[in-house]
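Geometric and topological summary
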Amino acid sequence: MRLVAHDLSIAERLSGVSLTLEPGSITAICGPNGAGKSTLLEAFAGLLPPDAGSVALGDRDLHSTPAKERARLLGYLPQAHEIAWDVPVRSLVELGRLPHGDRRAEPVDTALAALDIADLADRRAQSLSGGETARVLLARVLAGEPRWILADEPLAALDIAHQLALLRHLRSAADAGAGVVLVLHDLAHAMNNADRVVVLDEGRIAADGACDNALDQQVIERVWKVPVRWIGEPGHRALVTG
Ligand SMILES: Nc1ncnc2c1ncn2[C@@H]1O[C@H](COP(=O)(O)OP(=O)(O)OP(=O)(O)O)[C@@H](O)[C@H]1O
């Protein structure tokens, strides 16, 4: 999957960014507030105007891919977690099957279990807590079994147990061949769980590569302007400040 964002109109939020993402892996997009992370994810989801740049899936241009096929390929979770319809949770998660034209129970049940919301299946969607809402919306994305999972801050509203369970599920999805792209503010989650980290700063790529390099303490100090130090073992790192 390849994105080329030109220095045009709305794409000024991303200045000349060109990025190719690999399926079968987890890519974290990190950066300070306003760096362009959500814009980048929206671009990959095909939500920016075509004149702002181009996105290719394999050798096909995303904008000329039929909407239904695009919806089967790309599962996108936006940053704002809002549920517009007060339907039962299960019905909402089943909407993830819409691009496939079916209501197959198995992927819906798998998504409900992965997000630990099977016991909420009959609840009205608008009666849920913030974290429950986030898990339901992510379950809808997963129920569609997309080739690409694009999630903007999927861990933000989740408690630590649900964060870890979700990260395990996303790793399984990547191992099964999906491309997982996550906007993450928590740099330790990115360091411990991603295969690759893209650091954005003021609409430009400040670092890109394996976690150890892209989230090197000098990169963090330069981009976020805070003194930091990594502690702990690989895969279980924690970031301390000061
Ligand atoms: N619709 C829009 N029109 C014009 N500018 C926008 C629009 N949406 C976002 N911006 C601006 O583009 C820049 C990048 O925004 P974006 O939401 O991509 O940042 P972000 O890295 O996701 O930030 P955060 O960590 O705060 O969520 C910001 O300066 C923002 O104010």
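Residues numbered from 1 in each chain as written. Predicted model: local features only at pLDDT ≥ 70, side-chain atom pairs only at ≥ 80, totals over all residues.

The name an unreviewed UniProt entry gives the protein chain is ABC transporter ATP-binding protein, with Qipengyuania mesophila as the organism.

**Describing the overall build of the protein chain**
The cut-off we apply is this: Runs of E in the DSSP output that reach at least two residues are strands. Runs of H or I that reach at least four are helices, and both are numbered from the N terminus. For the radius of gyration, the atoms used are the C-alpha atoms, and the globule rule reads 2.2 Å times the number of residues raised to 0.38. Two residues qualify as being in contact provided that their C-beta atoms, derived from the backbone, are within 7 Å of each other.
Each helix and strand counted, the protein chain has nine helices and 12 strands in total. The C-alpha atoms of the protein chain give a radius of gyration of 18 Å, which matches the 18 Å a tight globule of 242 residues would have. Partitioning the intrachain contacts of the protein chain with sequence separation of at least 6 by distance along the chain shows that 66% fall at a separation of at least 24.

**Topic: the packing of helix α4 (residues 105-114) against helix α5 (residues 130-143)**
Helices that pack against each other are described as a pair by the angle of their axes relative to one another and the distance between those axes. Note the following rule: Axis definition: a line fit to C-alpha positions, over the contact stretch in the case of helices; interaxial angles, taken between N-to-C directions, run 0 to 180 degrees. Two helices that cross are described as forming a left-handed crossing if the nearer one is turned anticlockwise from the farther one by less than a right angle, and a right-handed crossing if clockwise. Under the grouping applied here, Gly and all other residues not named as nonpolar or charged are polar, the nonpolar ones being Ala, Val, Leu, Ile, Met, Phe, Trp, Tyr, Cys and Pro and the charged ones Asp, Glu, Lys and Arg.
Running from amino to carboxyl end, α4 crosses α5 at an angle of 145°, the nearest separation of the two axes being 8 Å. Between α4 and α5 lies a crossing whose hand is right-handed. Contacts between α4 and α5 pair P107, V108, A111, L112 and A114 from the former with A139, L142 and A143 from the latter. Residue composition of the contact of α4 with α5, grouped by class: eight nonpolar, no polar and no charged.

**Focus on the nonpolar core**
Our working rule: For the purposes of this analysis, a nonpolar core is taken to be any set of buried Ala, Val, Leu, Ile, Met, Phe, Trp, Tyr and Cys residues that are connected through C-beta atoms within 7 Å. Neighbour counting defines burial: a residue surrounded by 20 or more other C-beta atoms within 10 Å of its own C-beta is buried, one with 12 or fewer is exposed, and intermediate counts give partly exposed, using backbone-placed C-beta atoms.
Among the nonpolar cores identified, the biggest contains 71 residues, and A139, A190 and V197 are the most heavily contacted of them. In terms of residue count, the dominant contributor to this core is α5 (eight residues). Residue contacts for V197: discarding those within four places in its chain leaves A28, C30, A190, C211, A214 and L215.

**A short note on the sheet that holds strand β10 (residues 204-209)**
We apply this condition: Pairs of strands are assigned from DSSP output, requiring at least two bridges between the strands.
Spatially, six strands are ordered β6-β7-β8-β3-β9-β10 in an open sheet, and the strand pairing comes out mixed. With one partner strand each, in any of the chains shown, β6 (74-77) and β10 form the two edges of the open sheet. Each adjacent strand pair in this sheet contributes to an overall mean axis angle of 15°, direction not counted. Pairing of strand β9 (residues 196-201) with β10 involves five bridges; the strand directions are antiparallel. Paired with L200 across the bridge in β10 is I205. The strands that helix α1 (residues 37-44) touches are β3 (25-30), β7 (148-152), β8 (179-183) and β9; relative to β8, the one it contacts most, it runs at about 150°.

**Some words on the environment of G46**
For G46, the position within the fold is in the loop between α1 and β4 (53-57). Spatially, the C-alpha atom of G46 lies 9.9 Å from that of D61, the residues being 15 residues apart in sequence. Aside from chain neighbours lying at most four places away, what touches G46 is V55, L62, H63, R70 and L74.

**Observations regarding unusual backbone geometry**
Notably, E153 is not glycine yet its phi reads approximately 55°, a positive angle. Considering the arrangement of structural elements, one finds E153 in the loop between β7 and α6 (160-175). You can call E153 buried: it has 21 C-beta atoms within 10 Å. Positive phi, normally seen in glycine, also occurs at E202, with a value near 50°.

**Concerning α1**
Counted residue by residue, α1 has seven buried out of eight residues, so it is predominantly covered. Listed in full, the buried residues belonging to α1 are K37, T39, L40, L41, E42, A43 and F44. A positive phi of about 80° marks G46, the residue just after α1.

**Thoughts on the pairing of strand β11 (residues 228-231)**
Sheet topology note: the β11/strand β12 (residues 238-241) ladder contains four bridges and is antiparallel. Counted as the bridge partner of W230 is L239 from β12. Between β11 and β12, which follow one another and run antiparallel, lie six residues, and G232 among them has a positive phi close to 95°.

**Digging into the pairing of β9**
Consecutive side chains of a regular strand alternate in pointing toward one face of the sheet and then the other. As judged from the four bridges shared by β3 and β9, these two strands associate in the parallel manner. Of the residues in β9, the one forming a bridge with I29 is V198. Here β9 folds back onto β10, and the loop between the two strands holds two residues, one of which, E202, carries a positive phi near 50°.

**As for α6**
Note the following rule: Take the residue count of a helix, subtract one, and multiply by 1.5 Å to get its expected span.
With 16 residues, α6 extends 22 Å from end C-alpha to end C-alpha; this agrees with the ideal 22 Å at 1.5 Å per step. Of the surrounding elements, those touching the buried residues of α6 are β3, β7, β8 and α7 (187-193). Positive phi appears at G177, one or two residues downstream of α6, with a value of about 115°.

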